[in-house]
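# Observations on chain architecture
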Amino acid sequence: MNTPQHINSEELLSVLFYSPNATAVYQGENIKILTANQAMLNLWGKDRSVTGKNFIDAIPELRDQPFLDILKKVWSTGKTYYAKDTSAMLEVDGIVKEFFFDFEYKAILNEDGTTRYILHTAFEVSDRMKAWRLVEEKSLKEQELIEDLLALNEEYQATNEELMSTNEELMTSEENLNSVLELVNEKEHLFRVMVEQSPVAMASLKGSELIVDVANEHVLKIWGKNISVVGLPLQEALPEIKDQGFLEILKNVYETDTPFHGKELRAVILVDGIPTERFLNFIYQPTNPDQNGEKYILIVAIDVTEQVNARKSVSDVNTRFQIALDAGKLGSTEVHLASGTMQSTDQFKKNYGFLPEEDFKYSDLFEAMFPEYRDRVKNLVQEAIRTNGTYTAEYPVKWRDGSTHWIQAHGRPRYDENGNADRMVGMTLDITEKKLFDQQKDDFLSVASHELRTPITILKASLQYLDRIKDRPFGEPHRKMISQSLTGIDRMTEMVDGLLNVRRLTEGQLQIRKNWFNMYDMLSVTCNHIRVEGKYSLILEGEKDIRVFADEHRIDQVVINFVNNAVKYASDSDKIYLSVSTEGNCVKVSVKDFGEGISEEILPKIFDRYYRASHSGNEYSGLGLGLYICSEIIKQHGGEIGADSNIGEGSTFWFTIPIMQK
Ligand code: ADP
């Protein structure tokens, strides 16, 4: 049986706040800061005193910036707002500086669509922006260089023409040409130096084959390769990117002469033979043909894997939080102590038997709680407020339909700006199933001890009597006492065996020893103890020649259990029918009695461990283990077990097992 997982609500509540990602929660039209984690406080350059304040009072330097208006809009419309690379002027350590952020104002809604909280998550991306600016500057410079080169090229062409036309000026022209070529070489050299020295990843690819012409150390690091790739076509240098779309993009850039800007594109690259995921921002910039008519593509790239992952992990935390709540069937709520109003999740209301659309107040909660628990829980709440601690309580509640459910609750106070506890946040879990199981176990222990006492009493009485008559000549009373003792011991042995079997079953140690046997033959000799007694007649019907491959002894044990139960619980019926038939590729064995039958409510439970129906009077005995053990044996054989019954007409217990199972 599955007992619900106990999740420490305190941990759950803290998940967001221990997160390294800046997080804050706001509420109300004035965007009151309910809470902000350390990472957010660091971004703002503020301390914990900002909680409880309105956003603009807490961070006045944002007054003339658009954030408050955006937040107000999110609050009034319930629409989440997300933005990237946004600049904000913030005062940190007394200095106003420009920072860049990717951020989200996520509206968390009530059921009626109004906003309940705004969850603000932010990442500082100032470094990324700085890098971008550098890239932009560099590519501007590079553009200038390219233009210079072009001009030089023209000059060279012109000089060349001149050279062709005027033979007599040969010497001078050659000098000219040499100086031009020198300049070109120098520029080329400059260009290479620039690429190589660039603080960002840069490379250039030559011609339609995309031969790696220059690649600086940053680009090699992103590629996970070394300098040996220079001179190779890109598809040989980075064979792993073949089906990732980059080669096609490059080809297109080359053919159409249009630059391409990639944003957070995913590449899987082999680094030391290990596929590694990278997210990249990059530019593919085609150049004009050089003096040899060769075109290049210049690559400038930034590895943004960390930012992308960081952003993913914040939304992961949020979804994980929600999943944890849902999976644990955890309800959560916030109580406004003065008014007694509550903002609760659907699951929270459900734990108290309320529908999602119904209003559920703090007074309803105490109304539902069993009266004898109310004062105790109220005291725990007071104690938590006094000590700023967490309270945990378990109590039964009565739903309006009359049913009883057990709740495990955790709660923690929240304080207003003056330090007065004005709210309680709480989580609840329905632990009814676990409580029932505990109850069943307790019941079982008292039944087991009671059941064991009876044969012990008989045994003790018989031995005491034997002791008293030990000096008398051996006769009928002695014989009777000895047989009574043996019966008592047999019953105890049977019970202890049952308990041992259950232990073995729960530890998965039930051993099945299979052999071929004829089912009809086995049934015709089963339950000899009952046949001998003569009070009940066992009538066997059905197919005589079904052979199965199974554990004969264990299958016999199942039949004996069915027959013993028929005798115990259907003592008026003097006939018990055993039948055997084929059903598909299975054999089906049934035991039918004409006793009192089993009611519809308890029929599904009788195969459960420890289940025994309450029978009036003491005439029945048993630990409620028999049918549980039977069902485990049949399960191990890959078969099915069940019972059909009508009150007043008797019951049929049956099982099936595959015939051809080896
Ligand atoms: P035990 O007999 O030790 O109580 P079992 O697991 O064998 O445990 O049976 C579980 C319960 O199923 C019994 O307590 C009884 O209420 C019910 N039951 C089993 N067999 C019959 C039957 N033939 N007729 C009526 N009730 C039955």
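Up top is the structure.
Residues numbered from 1 in each chain as written. Predicted model: local features only at pLDDT ≥ 70, side-chain atom pairs only at ≥ 80, totals over all residues. Heavy atoms only, no water.

### Points about the overall build of the protein
The secondary structure content of the protein amounts to 19 helices and 22 strands. Relative to its full complement of 662 residues, the protein shows a buried share of 44%. Sequence separation of 24 or more characterises 55% of the internal contacts of the protein that already satisfy a separation of 6 or more. Roughly 36200 Å² of accessible area belongs to the protein as shown, and the carbon and sulfur atoms make up 51% of that amount. (Helix = DSSP H or I, 4+ residues; strand = E, 2+ residues; numbered from the N terminus. Buried < 20%, exposed > 50% of the residue type's maximum accessible area, 1.4 Å probe, protein only. Contact = heavy atoms within 4.5 Å. Areas by Shrake-Rupley, 256 points an atom, 1.4 Å probe, with all protein chains shown as cover.)

### Considering the sheet that holds strand S17 (residues 537-542)
Strand order in the open sheet formed by five strands is S17-S19-S20-S22-S21, with mixed pairing between adjacent strands. The sheet terminates laterally at S17 and strand S21 (640-646), the two strands that pair on one side only. Shown here is a sheet whose adjacent strand axes are inclined to one another by a mean of 15 degrees, direction ignored. Looking at chain direction, S21 and strand S22 (residues 650-658) are connected through seven bridges and run antiparallel. Looking at the pairing, Asn646 lines up with Gly650 of S22. Helix H18 (residues 552-569) contacts S17, strand S19 (575-583), strand S20 (586-592), S21 and S22 of the sheet and is inclined by roughly 175 degrees relative to S22. (Pairing = 2+ DSSP bridges. Axes fitted to C-alpha atoms, helices over the stretch in contact; angles between N-to-C directions.)

### Examining the pattern of salt bridges
Counted by the stated rule, this structure contains 20 salt bridges. The partner of Glu111 in a salt bridge is Lys349, with the nearest N and O atoms 3.6 Å apart. Pair noted here: Glu111 is in the loop between strand S4 (95-109) and strand S5 (115-124) and Lys349 is in helix H11 (residues 346-351), with a separation of 238 residues, a long-range link. On the accessibility criterion, Glu111 (49% relative accessible area) is partly exposed. With a shortest N-O distance of 2.5 Å, Glu277 and Arg266 are connected by a salt bridge. On the criterion of sequence distance, the pair formed by Glu277 in strand S9 (residues 274-286) and Arg266 in strand S8 (residues 260-271) is long-range, its members being 11 residues apart. Given the relative accessible area of 34%, Glu277 is considered partly exposed. Via salt bridges that share partners, Lys84, Asp102 and Glu264 belong to a single interconnected network. (Salt bridge = Lys/Arg side-chain N within 4 Å of Asp/Glu carboxyl O.)

### As for the packing of aromatic side chains
Remark: the centre distance and the inter-plane angle together describe each pair of aromatic rings, the angle taken between the planes. Counted according to the given criterion, the structure contains 22 aromatic pairs. On the numbers, 4.8 Å between centres and 50 degrees between planes, the contact of Phe103 with Tyr105 is tilted. Of the two residues examined, Phe103 and Tyr105, each falls in the buried class. When the ring of Tyr577 is compared with that of Phe594, the centres are 5.9 Å apart and the planes differ by 80 degrees; the resulting orientation is edge-to-face. With Tyr577 in strand S19 and Phe594 in the loop between S20 and helix H19 (626-636), this residue pair connects regions lying 17 residues apart in the sequence. (Phe/Tyr/Trp six-rings, centres within 6.5 Å; stacked < 30°, edge-to-face > 60°.)

### Concerning helix H13 (residues 371-387)
In a regular helix each residue adds 1.5 Å, so 17 residues correspond to 24 Å; H13 covers 26 Å between its end C-alpha atoms and thus fits that length. Those residues of H13 lying buried are Tyr373, Val377, Val381, Ala384 and Ile385. All buried residues of H13 lie within an arc of 110 degrees about the axis, which places them on one face of the element. Those residues of H13 that are exposed and aimed more than 90 degrees away from the buried face are Glu372, Asp375, Arg376, Asn379, Gln382 and Arg386. Each element contacted by the buried residues of H13 is listed here: helix H12 (362-368), strand S13 (391-398), strand S14 (404-415) and strand S15 (421-430). After H13 finishes, the residue Asn388 shows a positive phi value of roughly 50 degrees. (Expected span 1.5 Å × (residues − 1). Arc of directions from axis to C-beta.)

### Observations concerning a nonpolar patch on the surface
Side chains of Phe474, Ile482 and Leu486 sit close together on the surface and give an oily, nonpolar patch of about 310 Å² of accessible area. Of note, Phe474 is situated in the loop between helix H14 (432-468) and helix H15 (476-506). Of the residues examined, Phe474 reaches a relative accessible area of 56% and is grouped as exposed. (Patch = residues over 30% accessible without salt bridge, like charges linked within 9 Å, V, L, I, M, F, W, Y side chains within 5 Å.)

### Re the nonpolar core
Met519, Ile555, Val563, Val587, Ile606 and Phe655 are the most contacted members of the largest nonpolar core, which totals 48 residues. If sequence neighbours within four positions are ignored, Ile555 has contacts with Phe517, Met519, Met522, Ala550, Ile634, His637, Phe655 and Ile657. Membership of the second largest hydrophobic core comes to 33 residues, among which are Ala24, Leu41, Val74 and Phe103. (Core = buried A, V, L, I, M, F, W, Y, C linked by side-chain atoms within 4.5 Å.)

### Comments concerning the environment of Glu367
With respect to the element layout, Glu367 can be found in helix H12. Overall, Glu367 belongs to the exposed group, its relative accessible area being 58%. In this structure the C-alpha to C-alpha distance between Glu367 and Trp399, which are 32 residues apart in sequence, comes to 9.8 Å.

### Observations regarding the pairing of S8
Where S8 and S9 come together, 10 bridges link them in antiparallel fashion. Bridge pairing links Val268 to Glu277 in S9. Adjacent in sequence and paired antiparallel, S8 and S9 are bridged by two residues, among which Asp272 carries a positive phi angle near 50 degrees.

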